[in-house]
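# Results of the structural survey
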Amino acid sequence: MAMKRTRTPWMKAEDFGRSLPRGLGVNLLVTDMAAMEAFCRDVLGARIIYADEDFAAIELLGSVFMLHADHSYLDNPMTGVTAGAETRGAGIELRLYGADPDAIEKKAGALGHIVLAGSIDKPHGLRECYIVGPDGYVFVPSARI
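Basis of the calculations
- As a convention, each chain's residues are numbered from 1 in the sequence order in which they are written.
- The predicted origin of the model limits local features to residues at a pLDDT of at least 70 and limits the giving and counting of side-chain atom pairs to 80 or more, whereas totals for whole chains, interfaces and linings rest on all residues.
- Excluding hydrogens and water, the side-chain values take into account all heavy atoms of the structure.
- For the exposure calls, accessible area comes from a 1.4 Å probe over protein chains only, and a residue counts as buried if that area is under 20% of its type's maximum, exposed if over 50%, partly exposed in between.
- A run of H or I in DSSP becomes a helix once it reaches four residues, and a run of E becomes a strand once it reaches two; helices and strands are each numbered from the N terminus.
- Each C-beta atom gives one direction from the helix axis, and the arc is the one those directions make.
- We call two residues in contact whenever any of their non-hydrogen atoms come within 4.5 Å of each other.
- Here a polar contact is taken to be a pair of N or O atoms separated by no more than 3.5 Å, where protein atoms must pair a possible hydrogen donor with a possible acceptor and residues adjacent in sequence count only if both atoms sit in side chains.
- Being paired, for any two strands, means DSSP has found at least two bridges between them.
- Axes here refer to lines fitted to C-alpha atoms; in helices the fit is confined to the stretch in contact. Angles between the N-to-C directions go from 0 to 180 degrees.

The protein chain goes by VOC family protein in an unreviewed UniProt entry, where it is assigned to Mesorhizobium montanum.

Turning our eyes to something else, we now look at helix 2 (residues 33-42). Met33, Met36, Phe39 and Cys40 are the residues of helix 2 that are buried. Down the axis of helix 2, the smallest arc covering the buried residues is 135°, so these residues share one side. As for helix 2, its buried residues are in contact with strand 1 (27-30), strand 3 (55-60), strand 4 (63-69), strand 7 (126-132) and strand 8 (138-144). For helix 2, the side-chain oxygen to backbone nitrogen distance between the N-cap and Ala34 is 3.2 Å, and the N-cap itself is Asp32.

All right, on to the sheet that holds strand 5 (residues 93-97) then. Read from one edge of the open sheet, four strands run 5-8-7-6, paired in mixed fashion. Each end of this open sheet is capped by a strand with a single partner; those strands are strand 5 and strand 6 (114-121). This sheet shows a mean twist of 15° between the axes of neighbouring strands, independent of strand direction. The pairing of strand 6 with strand 7 spans five bridges and is antiparallel. The residue of strand 7 that forms the bridge with Ile114 is Val132. Here helix 4 (residues 101-110) sits on the sheet in contact with strand 6, strand 7 and strand 8, set at roughly 20° to strand 7.

As structure tokens, then:
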């Protein structure tokens, strides 16, 4: 693992790991930590729990997910999966239930992010849109109709 961090993290990695609740966890490997952190905060309305050059813990709609910089995963098996990949997360939708698709679509467009599909009411009872974030991850804010 190659770390660029120059300050002491807000808690030890093992303490953070032990604090996570049971359930599904998401970790996004990113090429540009600052860009993804800004997208999460400024477009999706997430709260940044902690962020540095290597790692970020993000709270969004009551869930916590993580960002790891590519360089921090050099010894991890995932390195082989992401090496040479033009777009990360191809085929994965990161669905944000309870998020306002119209507001997020507006913020994304204003900040120059790709709106893959604008907000629309869908037959499955949700209003949603598709936003492409840094590294090609697709976020789908969805609200009940």
